[in-house]
Amino acid sequence: MSALATAALYVAAETGEEPQGIDLFLPAGYDILWSSVIMIVIAVVFYKAILPKFQAILDERTAKIEGGLAKAESAQAEAAAALAEYHQQLQEARAEAAKIREEARAEGGAIVADLRTKASDDAARIVETAHRQIEAERQQAAVSLRNDVGLLATELASKIVGESLADSARQSRVVDRFLDELEAAGPAAASAAGTASEER
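Not measured: the values here are computed from a predicted model.

Draft legend 1. Region of the structure containing the packing of aromatic side chains. Per the stated rule, a full pass over the model turns up 1 aromatic pair. Ring geometry for F46 and F54: centres 6.5 Å apart, planes at 55 degrees, overall tilted. Here F54 falls in the partly exposed class, since its relative accessible area comes to 45%.

Draft legend 2. A look at the pattern of salt bridges. One pass over the structure, following the stated rule, counts 6 salt bridges. Of the charged contacts, one joins R132 and E128 as a salt bridge, the two residues approaching to 2.4 Å between their closest N and O atoms. Placement of both R132 and E128 in helix α2 (residues 29–161) is noted, with a separation of 4 residues, approximately one turn of the helix. On the basis of relative accessible area, E128 is assigned to the partly exposed category, the value being 40%. Its salt-bridge partner being R138, residue E135 comes within 2.6 Å of it at the nearest N-O pair. Placement of both E135 and R138 in helix α2 is noted, with a separation of 3 residues, approximately one turn of the helix. On the basis of relative accessible area, R138 is assigned to the partly exposed category, the value being 49%.

Analysis parameters
- Once a new chain begins, its residue numbering starts again from 1 and follows that chain's sequence as written.
- Totals for whole chains, interfaces and linings use all residues, but because this is a predicted model, local features are given only for residues with pLDDT of at least 70 and pairs of side-chain atoms are given and counted only at 80 or more.
- The side-chain values count all of the structure's non-hydrogen atoms but skip hydrogen atoms and water molecules.
- Centres within 6.5 Å make a pair out of two Phe, Tyr or Trp rings, where for Trp the six-membered ring is used; the pair is then stacked when the planes are under 30 degrees apart, edge-to-face when over 60, and tilted otherwise.
- Whether a residue is buried, partly exposed or exposed follows from its accessible area with a 1.4 Å probe, protein chains only, as a fraction of its type maximum: under 20%, in between, or over 50%, in that order.
- What counts as a salt bridge is simple: a side-chain nitrogen of Lys or Arg found within 4 Å of a carboxyl oxygen of Asp or Glu.
- Numbering of helices and strands runs from the N terminus; a helix is a DSSP stretch of H or I covering at least four residues, while a strand is a stretch of E covering at least two.

In structure tokens:
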């Protein structure tokens, strides 16, 4: 049996009559009075003693949350500043790298131009040295050829004349006259003379 039904039976037993209908669910007037007094006492104690403690705890938590939000905003602002500084440093590093690249490119171009100039100078010097060497060898060959031609001409003249041209002054005059005539005759005569000497 429920407590309400038991209380109703107890009230009915005291009064002598049994409650009917809605009266089964309504307590007696003195119960409502004493319950109200107890409820007011509990409310006053709750309002004076317990509610301020709850309010202090809620205020403390609110302050902590607001402090945490302020710290989070501060940390976010610092992170944004650090990110901006990082982007600035990255941009400066890229600009510096581009500058270094351009300087290296210009320096490389200067080195290539310098090497080309040196190579051109070396090539010109080598060509000039080769020309000098060729000229010296040509002159040496001309002197050697002149001596050989002179000996051959002297021997040939000795055979033709029938007397010895052993005198060096006479031999030199004969050779010089022969070579001068040969040069005056031109290249055709020189080649013809060369061909004739080869046949002999």
